[in-house]
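Listed below, chain by chain, are the residues.
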Amino acid sequence: ARACGRPARPLAAAVAVSAPAAAGGDAGESEGTREAGRRAYEPIRMRIDDQWYDARGWAKAHPGGARWIEWFDGRDATSVFYALHSYGPNGSLLAADRLAKLPRCDPPPGYDGDSGRGLPSTREYAQLRSFTALREKLEADGFFERKPLQEAWALAQVIGLYAAGISLAHTHAVASVCLLGLGMQQAGWLAHDYIHGRGRWCESMRWFGALMNGHSCEWWMQKHSLHHCFTNEERLDHDIFMEPFYYMRSPDESGRPDSPMRKYQHIYGYPLISVMYFLWRWLSLKTVFARRDRKEGAVLAAHYALLFALLPLPVAIGSIFLGGFLVGALVSATHQSEEIMLEGDEPDFVEGQFRSTRDADTVFGPIETWLWGGMDTQLEHHLFPTMPRYNYHTVRPILQAWAKENGAGYRISPSTKIIADNFATLKRVAAA
């Protein structure tokens, strides 16, 4: 093992270095940039499966960018690695093969095998080992395998909704908007599956969201992986940290600037969600232009050419509003009223998911479950994001039993209560 001679750096410092890149801004000659320059030849240590690795040489080659490696400097990344990467049973060995080539190194100075900042506590470590055994059992039982008929059925539903909506676009505008809005919602859920999934099928379908909804795969992967890695961690999870449009904590509590609109957020909150797909389209275009990504740019160009060639403008705009509302109202509903981790609170991945995520028990039958698109099994998805979503309901009772045995705080509420709780949270913070 090669010694790594720099003490572990708190996550907040890593955020300070990486924040401009995360936000898409210009770092300029900031203190973060100067610190990054000083650190260019210093080791970056992360622990996976009880082994410390120096990821300094891999950081820039990492498909998600160096900032991800920086964020896990001095932290245990075991659960995050297996949750988001290709390691064999979930369809590909690519990430596992790359990990095997990284140089091993000694733990940080002062590390004695016990917990420390960024490392699991003794209780979390025991939970981590038990969770690893659970994941391995689910792998052995085939829960990560994709089933061709169910994959085809999910794709056929989206194509059918789009085809029906387009066929009515010039004769029955309202019906067309409803069908296309549902199609855009379901296309969003399916693109989400393809981006998380591993193996040839999912990798070959990564373009799907760009063609059907105008959403960049690269932009979505960066944003959404951040949410998965640091769920409800206030400074990093931008699905929760959406000020000044939505406040989950009052400015008096957070110390951040206020907005005169905050007092009305419970009134405009849900209607404003309908612009989500427009915002995602704009951010997707910005990402493609910034990266000069000609391949994805061509797919987005094809999307907009088809959108405006096949649909009257009011139908196109209306369907994007409806699709955005249907996704936005549900995509993070099971997080918004849960615990928010403040700076310095850096739980282990598994512990963090249980603290920040609640499952939804759909109350209006199969159609509502279909509308949720797998987000009703949000905890299962966050713990096993590369697993096909049609397996999550079968996994739910298995996870519930594991949580009870291991003292993890599994939570589930009726879907109507979750939406009501989110409205109550917006109203409470608006009045604060």
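Everything below is about the structure printed above this text.
In this report, we go over the structure that sits alongside the text. Since we're looking at a predicted model, the values are computed, not measured.

Things to note about the pairing of strand β2 (residues 51-54)
Note: strand β1 (residues 45-48) against β2, four bridges, orientation antiparallel. Paired with I48 across the bridge in β2 is Q51. Count of turn residues in the β1/β2 antiparallel hairpin: two residues, of which D49 carries a positive phi of about 55 degrees.

A closer look at the side chain of Q265
Position of Q265 among the secondary structure elements: in helix α13 (residues 265-273). Given a relative accessible area of 0%, Q265 falls into the buried group. Polar side-chain contacts of Q265 include one of 2.8 Å to the backbone nitrogen of Y247. If we skip the residues at most four places from it in the chain, Q265 touches F245, Y246, Y247, L426, V429 and A430.

Observations regarding helix α22 (residues 415-431)
Residues spaced three or four apart along an α-helix face the same direction, because each turn holds 3.6 residues. Over its 17 residues, α22 extends 25 Å from the first C-alpha to the last, a length consistent with the 24 Å expected when each residue adds 1.5 Å. Next to the buried residues of α22 lie α13, α17 (333-336), β4 (359-361), α19 (366-372) and β5 (412-414).

Structural notes on the pattern of salt bridges
According to the stated counting rule, one finds 19 salt bridges in the structure shown. As a salt-bridge pair, E139 and R135 come within 3.0 Å of each other at their nearest N and O atoms. Taken together, the residues E139 and R135, both in helix α6 (residues 122-140) and four residues apart, mark about one turn of the helix. What makes E139 buried here is its relative accessible area of 17%. Two residues, D193 and R389, come together in a salt bridge whose shortest N-O distance is 2.5 Å. Of the two residues, D193 is situated in helix α8 (residues 173-196) and R389 in the loop between α20 (378-383) and α21 (392-406); the sequence distance between them amounts to 196 residues. With respect to burial, D193 and R389 carry one shared label: buried. Salt bridges sharing partners connect three or more residues here, namely E234, E243, R249, E253 and R256.

Here's the deal with the sheet that holds strand β3 (residues 75-76)
The mixed open sheet is built from three strands, whose spatial order is β2-β1-β3. A strand with exactly one partner marks an edge of an open sheet, and here the two such strands are β2 and β3.

Considering the nonpolar core
Judged by nonpolar contacts, the single largest core of 43 residues is most densely connected at F354, F384 and W402. Leaving out residues up to four positions away in the same chain, W402 has contacts with Q127, S130, F131, L134, V350, F354 and A408. By size, the runner-up hydrophobic cluster in this structure holds 37 residues, among which are Y194, M205, F208 and I320.

Describing the packing of aromatic side chains
The full count for this structure, using the stated rule, is 19 aromatic pairs. Taken together, a centroid distance of 5.7 Å and an interplanar angle of 75 degrees make the contact between F131 and W402 edge-to-face. With a gap of 271 residues between them, F131 in helix α6 and W402 in helix α21 connect regions that are remote in the sequence. Of the two residues, F131 and W402, both sit in the buried class. With 4.7 Å between their ring centres and 55 degrees between their planes, F278 and F321 make a pair best called tilted. Linking F278 in helix α14 (residues 276-291) with F321 in helix α16 (residues 313-331), this pair joins segments that are 43 residues apart in sequence. Using a relative accessible area of 29% as the deciding quantity, one classes F278 as partly exposed.

What counts, and where the lines are drawn
Throughout this document, residue positions are counted from 1 along each chain, in the order its sequence is written. Local features in this predicted model are restricted to residues whose pLDDT is 70 or higher, and side-chain atom pairs enter the listing and the counts only when it is 80 or higher, whereas totals over whole chains, interfaces and linings include all residues. Computation of side-chain values: all heavy atoms of the structure, hydrogens and water removed. The rule for pairing is simple: two strands pair if DSSP sees at least two bridges between them. Numbered from the N terminus, helices here are DSSP runs of H or I no shorter than four residues, and strands are runs of E no shorter than two. Accessibility here uses a 1.4 Å probe with only protein chains present; expressed as a share of the type maximum, an area under 20% marks a residue as buried, one over 50% as exposed, and anything in between as partly exposed. Contacts described as polar in this section are N or O atom pairs within 3.5 Å, which, within protein, must combine one atom able to donate a hydrogen with one able to accept it, while residues neighboring in sequence count only if both atoms come from side chains. Here, two residues are considered to be in contact whenever any of their heavy atoms come within 4.5 Å of each other. One less than the number of residues in a helix, times 1.5 Å, gives the span that helix is expected to have. In what follows, salt bridge is the name for a side-chain nitrogen of Lys or Arg lying within 4 Å of a carboxyl oxygen of Asp or Glu. Throughout this description, the term nonpolar core refers to a set of buried Ala, Val, Leu, Ile, Met, Phe, Trp, Tyr and Cys residues connected via side-chain atoms within 4.5 Å. When the centres of two rings from Phe, Tyr and Trp lie within 6.5 Å, Trp using its six-membered ring, the rings pair. Their planes under 30 degrees apart give stacked, over 60 give edge-to-face, and anything left gives tilted.

Don't take any of this as a statement about function, it's just geometry.
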